[in-house]
Structures are given as structure tokens and as C-alpha cells.
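Single-letter residue listing:
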Amino acid sequence: MDILESIKMATTTLVANKLRSSLTMLGIIIGNASVIAMVGIGQGAQKLASEQFESLGPNVLFIIPGNQNAQRNRDVPKTLVLEDAEAIVRQVPSVGGVAPQIQTRQSVTYSNKNTNTQIMGVTPEFLPVRSFNVAKGRFFSNQDVKGNTQVAILGPDVVKKLFGNSNSIGERVRIKNISFLVIGVMESKGSFLGSNQDDTVYIPLTTAANRIIGRTSPYGLEVSFISVSAKDANSIGAAQFQISNLLRLRHKITTEDDFTVRTQKDVLTIVGTISGALTLMLAAIAGISLFVGGIGVMNIMLVSVTERTQEIGLRKAIGATQQDILIQFMIEAIILSAAGGILGTFIGVGGIMLVGAVTPLKAGISPVAIAIAVGVSGGIGLFFGVVPARRAAQLDPIVALRSA
Amino acid sequence: MQNQLSTASEALSTEFKPVIIRLENISKVYGIGETLVHAIRDASLTVEQGEYCSIMGASGSGKSSVMNIIGCLDRPTSGHYYLDRVDVSQLGDTELARIRNIKLGFVFQQFHLLAQLSAVENVMLPMVYAGVKPGERRDRAVEALTKVGLANRLNNKPNQLSGGQQQRVAIARAIVNRPVLLLADEPTGALDSKTTQEVMDIFTELNESGITIVMVTHEADVARQTRRIVWFRDGEVLHSHLKPEDINQLAVS
Ligand SMILES: Nc1ncnc2c1ncn2[C@@H]1O[C@H](COP(=O)(O)OP(=O)(O)OP(=O)(O)O)[C@@H](O)[C@H]1O
Ligand SMILES: [Mg+2]
């Protein structure tokens, strides 16, 4: 009997048991769809994160407190200070702009409304270094920073929450019971790695340090991190090297650095590693459901062998060989798995397109994931079909015929 | 005495007709250890080409056991079985499957049709395993179904057919590969007397067209329509060449 006959025969049986066949396939469909969707979404997240970092401007470097190897340490040293930023401006020639930043979360109030948002203490340099723009009003000046003025520029989401559609510029908001004059509204920037950059209030660095957080470092005005832009793409390496040397001198470091200078490339690598691991984890979870689907196929095939014992006996009595029966049951299992795999692929791809349409995640349809998923589900059919098929093939015709 | 006689007559007739079935000292033991059942004890039997033979005997006398061996569905515990002069007790599973496929036709009490297939598809099944070309299968299946009087029921599913019709489909399936031997274990056991007669008419017709037939039956009326009766008792061949007329006496005794 050739393989085409076997396929025809298996299809007849599967079609005759429509409900059972489709329920069996369901496991494989779900497994396959989730593998493809998860991998696609994971890859989409990876791409989105990379794009966001690239949107920071290609020449940006970050100086963050704490040693690279001790990033998990919660007590970051309080040694990164405003004076470091000023020294970098003065002494590092490969640097274009330097933007020290202080970050905290506070509740912001306007009349009877309030919202908990991110407070960012910055200098005017923040705008060019991080490619931010003001949409309405103005940003504060170096004068404001020197004078500790109580002015604020609001992110568009903060405006929406506190002011709705009415005008915000010229109004006063309160942070920690200190009154701030709203002088501008930022352009929308969307979210960055899941944190909403539009839900932020910008105030002068000094005001943030002196009025909101309070000075705590003995070394000067402590900052959360410093964004630096290199003069051009070729001076990134030089900037990283020079900044590190300067800070080591300033911090009198002999052994381990108490700061880390990261280039955008470093950050991208880290993001890639993290989101790669995430993708892998999603794929693994989805893979488990595919495996469970495979066990479903085996389960149904085993039931089917038991239920169809008489049929197997009859087929043997009229001349089917062990191999004929083996192949018939294997093909039934493979058809179930492969058809489920293909259907699951369509659903997975549809899911990805849906996610792409309603979220900024541009989830990739990965041909590799599809090939693997369909291949794996076919393989699952083969693998989980073997046991029931062998059991069927080895039935004794007489015993099989007698079973009621 | 009786056995000696029948052996002599067999020897005589072999001169003229080829032997299809030759059982030599066949035994069949079921089970292991304490619970051994000797279903067949040292039975020998010969059936020649063209014979129309029924096997009778009390329940449990080993009729089905011997039929299963003759039908290559089971192997004897000891002894030799020559089917069409081939010693099948020496053959492997695949070769036995091949023999069941092309040399034997088997009809069961329970019909054993596949429910999801139509009459003609059921009859085509043995040809699928025989590797008959697809184009030829349907023609031959229709021909076989016509022979059993079901030319107008080709596309009915088994559950759309009466018991007698189902058994006739099963007979068509059994003869479609043109076997040398047609076997039937109580083929009328599940039928009423009217349909029993329909089925027996078909068997008789088939035998007249030259097919060798061996069937097991409980019913004297059925056995009487065959031309030779083999009587089993306790796994042994008690009479190997009874004539239909002898039945009345035996049934009484
Ligand atoms: N698979 C088996 N395992 C154990 N014992 C069996 C098996 N098949 C048959 N037997 C026993 O072998 C003996 C002969 O059984 P067999 O089925 O050949 O009888 P039979 O003549 O066909 O009876 P019936 O007229 O009731 O069909 C019986 O005692 C039966 O119980
Ligand atoms: Mg029986």
C-alpha cells in the first residue's frame, strides 16, 4: 500500500470523527499559535526597545553612579555630583553637551486634582542632549537654575490629568507643598522602555536638589545620572575614556570605579540581552503548551486504538500488514498535528498583526518561528503517534476481532 | 475405524483434485500454567479444491479455533498446516497477512464492516492492501456486489443496510480478491431464517462457480445445504466426511 492510499484512508477516518479530530487539533493549534505570537511579540519588543534607544540620538552616553559589577547594590554611592558634570564640560574636549539629571517621584497638585508623577531636575542642556523640545511656552534658563527658581515645564500627560483642556501656562502647581509656576509644556515623546516620558514634570536641577530632595551628599549636589552627548560618532569612544579618567581623578579612585559610563551601544547590548531572554522565556512557555498539545494527540490516538480494536483486527484479517496499520495510525497523528500546526500558524500570524495594529509593538512575523513551530508540531505527531500506532500494529488479529 | 476409512477415501480423491487445506496433527493450547485449555487435540483434516464443507460440533468443541488456524488468523501450537501446498506454520506475520489478503476470504458472524465506509468502499478495502490499481478497484467491487445481489446498494453505509445485506457485503469483500478458499465462522448466526437462506443461496452459487468453501455452523438446516460435514468433539475430528443426510441421525443421537 503506498503512502497516498494511507493518507486518503487516514483522512477518511479523521473526517468521520470531526468533533474528536478538531478537539485534538485544538491543543496543537493553541500551542502553535502561541509559539509564533510569543516569539513575534518578543522580537517586536526587542526591536521597539532598540529603536527607542536609537531615538535618543546616536552619540549619547550615560554616566550612572555605582560600579558596573555592583549594579544590583541598592546603596549606590552618592559620589556622582553636579560638580562632576561641570568638570566634564570644562575638561573633556570630545563632549558636546552635558545634562545632569535628578529623578524622583512626587505627587503634583493643581487646585483639587493631584497626580503622582516623575519629577525631573535638569539643566537647559537637557533639551539638546536628549533631543527633547518644548511645545508651548518656554524651558527654564541657566539663570533659573542658578537662582533656584520655582518654575516647571509639564509633560503633556501631566497637563491632561491636572488641567484637562484648559490652559496651564501661568498657573501654579504644588509639589511637596512648594508652589511652582508653569512656564511651558513639553512635546509628546511617548514612552521609553515602558516608562511614560510624557508623565513627567521638569524643574531646575538646583530647585529639585534643594527644595524637593534635600542635599544629602557630602561631595556636592548629588545627581541621579548624567546624560552626555559626544561631539560626533567618532568621538564616542574617546568621550567614554576621557570621562572615566576624569571621574577617577576627581573621585580619587584607586581600585574600583564608583560610576559607570555607558554608551548607547552598551545599553543596546544590555537591552538586547534582556529582551532576548524574555523572548526565549515566552517561547519556552509557548513550547510547553505545544508539548501538552502533543500529549493530547497521543492520548486521543491511544483512545482511538482502543476504540478501533475491532477495525484493526478486521483490517488485519483482510490482509493489512503490521506496517500498513502502523503507517495508517502514524499518518493520522501526523495529519492532526500538521493541520493543527498550520491552522495555529495562521492564528498566530493573525494575532501578531492584531497586536501590530493596536499597539506600537511592531511584532515581527518570524519565518524561522513558523518553520520551527510547524516542523515541531509535525514532529510531535510523529513522536506521540509512534506509541499508539505500534500498539495498534502489534494487536493480534484474533484478539482484536473478538474484542467487543 | 471411521478415520481409517476417510483417510483412504481422501487418498483416493487426491489423485483427481488438488488439496487446498491439509492439517497434520494440529493442536491448539490456550493459556499458560494451570489454566491450559486444549482447544484442538491432534486434529488432521484435508479439504480439496471445490469442496463445500461445513464444520459442526458442540459449543466449545474447537470449531472456531480450527477455523482461525485455517484462516491464518492464528497459529497452531503444534502440527503442520499446508494451505495450497505451502506450509504456513513456518511463515512470518507479513507473509501471513499477504496470504489472508490474496488466498483467503473470511466471513464473520458479526459482519465486521467499517461503519464509516460505504458498501462499495468496504468491498474495495482488500484490494487497497493488495495493491490493485485504483481504477480497477471500483469495477471489481461493483462486480462482486452484483454477484451477491447488491448492485443497487453500492453507496449505502452499513447502518443503512439490513443484517442480511450487510453479510452479503461482507461476502463480496471476502471474494473480491478471488481467493482459493472462502471461510465463514457462523455466517448466518446473526440472521433470521429468511435472510439465512439468502446468504446460503449465495454461498451455494459461489461454490458452484468453483470456490472452495468451509464454514462453521450450529444449524442443521445450514449444514444440510453443504456437501460435506466435519464433526468436532472436544477438539478432535470425530467424523470428517459426513453426508448431509447423516445429519438427522447425529442430531438425534
Ligand atoms: N483465546 C482463548 N483463550 C483461552 N481459551 C480459549 C480461547 N479461545 C477459545 N478458548 C477455549 O477453547 C475451546 C474451544 O473454543 P472455540 O471457540 O474453538 O469453540 P467453538 O467450537 O467455536 O464454540 P462455539 O460453538 O461456542 O463458538 C473452548 O473451551 C474455549 O473456552
Ligand atoms: Mg465459535
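Anyway, here's the lowdown on the structure attached to this text. Just so it is clear, the model here is predicted, and its values are computed rather than measured.

Comments concerning the sheet that holds strand 4 (residues 78-83) of chain B
All names here are of chain B.
Next up, step 1: Read across the sheet, four strands follow the order 2-1-4-5 without closing on themselves; strand pairing throughout is antiparallel. With one partner strand each, in any of the chains shown, strand 2 (37-48) and strand 5 (86-87) form the two edges of the open sheet.
Next up, step 2: Of the strands in this sheet, strand 1 (19-30), strand 2 and strand 4 touch helix 2 (residues 63-70), which is tilted by about 125° from strand 1.

Observations concerning the sheet that holds strand 10 (residues 236-242) of chain B
Residue and element names in this part refer to chain B.
Next up, step 1: One open sheet accounts for six strands, arranged 6-7-8-3-9-10; its pairing is mixed. Taken across any chain shown, the strands that pair with only one partner, and hence form the sheet edges, are strand 6 (104-108) and strand 10. In this sheet, adjacent strand axes meet at a mean angle of 15° when their direction is disregarded.
Next up, step 2: Pairing of strand 7 (residues 181-185) with strand 8 (residues 212-216) involves five bridges; the strand directions are parallel. Paired with L183 across the two strands is V214, which belongs to strand 8.
Next up, step 3: Its contacts with the sheet put helix 7 (residues 193-208) on strand 3 (52-57), strand 6, strand 7 and strand 8, and the angle it makes with strand 8 is roughly 150°.

Things to note about the side chain of T117 of chain A
Residue and element names in this part refer to chain A.
Next up, step 1: Tracing the backbone through its elements, the reader meets T117 in strand 3 (residues 113-122).
Next up, step 2: Classification of T117 as buried rests on a relative accessible area of 0%.
Next up, step 3: Not counting residues within four places of it along the chain, the set of residues in contact with T117 comprises T104, R105, Q106, V108, V158, D199 and V201.

Examining unusual backbone geometry
Residue and element names in this part refer to chain B.
Next up, step 1: Positive phi, normally seen in glycine, also occurs at D42, with a value near 50°.
Next up, step 2: Mapped onto the fold, D42 is located in strand 2.
Next up, step 3: The backbone of H112 sits at a positive phi, close to 55°, despite the residue not being glycine.
Next up, step 4: Structurally, the position occupied by H112 is in the loop between strand 6 and helix 4 (119-130).
Next up, step 5: Residue H112 is classed as buried on the basis of its relative accessible area of 9%.

What counts, and at which threshold
- Residues numbered from 1 in each chain as written.
- Chains lettered and ligands numbered in written order.
- Predicted model: local features only at pLDDT ≥ 70, side-chain atom pairs only at ≥ 80, totals over all residues.
- Heavy atoms only, no water.
- Pairing = 2+ DSSP bridges.
- Helix = DSSP H or I, 4+ residues; strand = E, 2+ residues; numbered from the N terminus.
- Contact = heavy atoms within 4.5 Å.
- Axes fitted to C-alpha atoms, helices over the stretch in contact; angles between N-to-C directions.
- Buried < 20%, exposed > 50% of the residue type's maximum accessible area, 1.4 Å probe, protein only.

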